[in-house]
Amino acid sequence: MQKKFRYTTIELIQGDITEEKVDAIVNAANEKLIGGGGVDGAIRKAGGEEVTKECDIIRARQGGCPTGKAVITTGGNLPAEYIIHTVGPVWQGGDAGEPELLASCYKESIALAVKNGLYSIAFPSISTGVYGYPTEKAAKIALQTIRDLAENADRMPTLVQFVLFDDATFGCYTDALSNL
Ligand code: ADP
């Protein structure tokens, strides 16, 4: 499924983000930029040691990446040229700034893509795995944030994909995009 907002196409696909041939894929990382499970584990495994090396350099320089922010590394052995690592909020019930922090992940990732002159970017469903963010709520925030950027930003990637791993997540994003 896809929808276009001004110059940007938002596309939903079900699959494995490590296989996407876009300028950058986004990783749902942790604040220490130390490899975890889930999509982080899959991306690091497919990206290889160059990715881990660059994450280690960023950690040594600035201590990692705070929640809601993003950093960029090479894509290593991935088909994607770059990985943008962003740190989603851990769900704590919804009153601890989670919606704003989650929106910030998408904004900061897009800002890094634009800064690096990238045209296509693929996101996973940030925070809805181990970090426990309810997927229905997260899908709305993810898609509204990208739609608002597409409608208002001076520069914006022309393709923003969401690569959803499982049926339930894909369903939530499909509903949210249909209602956008
Ligand atoms: P977080 O810690 O931000 O919650 P997780 O990696 O635990 O991140 O989960 C985020 C989402 O990524 C979940 O929906 C999970 O099913 C999904 N996921 C796991 N592996 C992949 C993959 N290879 N490609 C795309 N999505 C994936």
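So, a few notes on the structure that sits alongside this text. One numbering rule holds for all chains: residues counted from 1, following each sequence as written. Restriction of local features to residues with pLDDT of at least 70 applies here, the model being predicted, together with a cutoff of 80 or more for giving and counting side-chain atom pairs; totals for whole chains, interfaces and linings are based on all residues. Water and hydrogen atoms play no part in the side-chain values, which are based on all heavy atoms of the structure.

Let us now look at the site of the ligand. For the ligand, the set of nearby residues contains 17 residues, the closest of which are Asp16, Val39, Ser127, Gly129 and Val130. We call two N or O atoms a polar contact when they sit within 3.5 Å, provided that within protein one can donate a hydrogen and the other can accept it, with sequence-adjacent residues counted only if both atoms are side-chain atoms. Here Val39 contributes a backbone N or O atom positioned 2.8 Å from an oxygen atom of the ligand. Within the contact set of the ligand, an oxygen atom lies 2.8 Å away from a backbone nitrogen or oxygen of Val130. Accessible surface area values rest on a Shrake-Rupley calculation with a 1.4 Å probe, where residue burial reflects the displayed protein chains alone. About the coverage of the ligand: the protein hides 89% of its 570 Å² of free accessible area. To be near a molecule or strand, a residue needs just one of its heavy atoms within 4 Å of it.

It is worth spelling out the environment of Thr158 at this point. Secondary structure is summarised from DSSP: a helix means a run of H or I of at least four residues, a strand means a run of E of at least two, and numbering begins at the N terminus for each. One can find Thr158 in the loop between helix H4 (135–152) and strand S7 (159–164). In this structure, the C-alpha to C-alpha distance between Thr158 and Glu11, residues 147 residues apart in sequence, is 11 Å. Those residues within four positions of Thr158 in sequence are excluded, and the remaining contacts are Tyr7, Thr8, Thr9 and Tyr119. Two residues qualify as a contact provided that any one of their heavy atoms is within 4.5 Å of a heavy atom in the partner residue.

Attention now goes to the packing of H4 against helix H5 (residues 167–178). What counts as an axis is a line fitted to C-alpha atoms, over the stretch in contact for a helix, and the angles between N-to-C directions run from 0 to 180 degrees. Where H4 contacts H5, the axes come no closer than 9 Å and their chain directions differ by 45°. Looking at the two axes, H4 sits oblique to H5. For the element pair H4 and H5, the recorded crossing hand is right-handed. Counting all contacts with H4, which are made through Thr135, Glu136, Ala138, Ala139, Lys140, Ala142 and Leu143, the residues of H5 involved are Thr169, Cys172, Tyr173, Ala176 and Leu177. Residues are grouped as follows: Ala, Val, Leu, Ile, Met, Phe, Trp, Tyr, Cys and Pro are nonpolar; Asp, Glu, Lys and Arg are charged; all remaining types, including Gly, are polar. Looking at side-chain class alone, the contact of H4 with H5 contains 8 nonpolar, 2 polar and 2 charged residues. Orientation is classified from the angle alone, with under 35 degrees giving roughly parallel, over 145 giving roughly antiparallel, 65 to 115 giving roughly perpendicular, and any other angle giving oblique. Definitions for this section: a left-handed crossing has its near helix turned counterclockwise from the far helix by less than a right angle. A right-handed crossing has that turn clockwise.

The subject of this paragraph is the packing of helix H3 (residues 98–115) against H4. Angle between the axes and distance between the axes: these two values describe a pair of packed helices. Direction vectors running N to C along H3 and H4 enclose 40°, while the axes themselves pass 9 Å from each other. With respect to their mutual orientation, H3 and H4 come out oblique. You can see that H3 and H4 cross each other, and the crossing is right-handed. Taken together, the residues of H4 that come into contact with H3 (itself represented by Pro99, Leu102, Ala103, Tyr106, Lys107 and Ile110) are Ala138, Ile141, Ala142, Thr145, Ile146 and Leu149. Looking at the contact of H3 with H4, its residues break down into 10 nonpolar, 1 polar and 1 charged.

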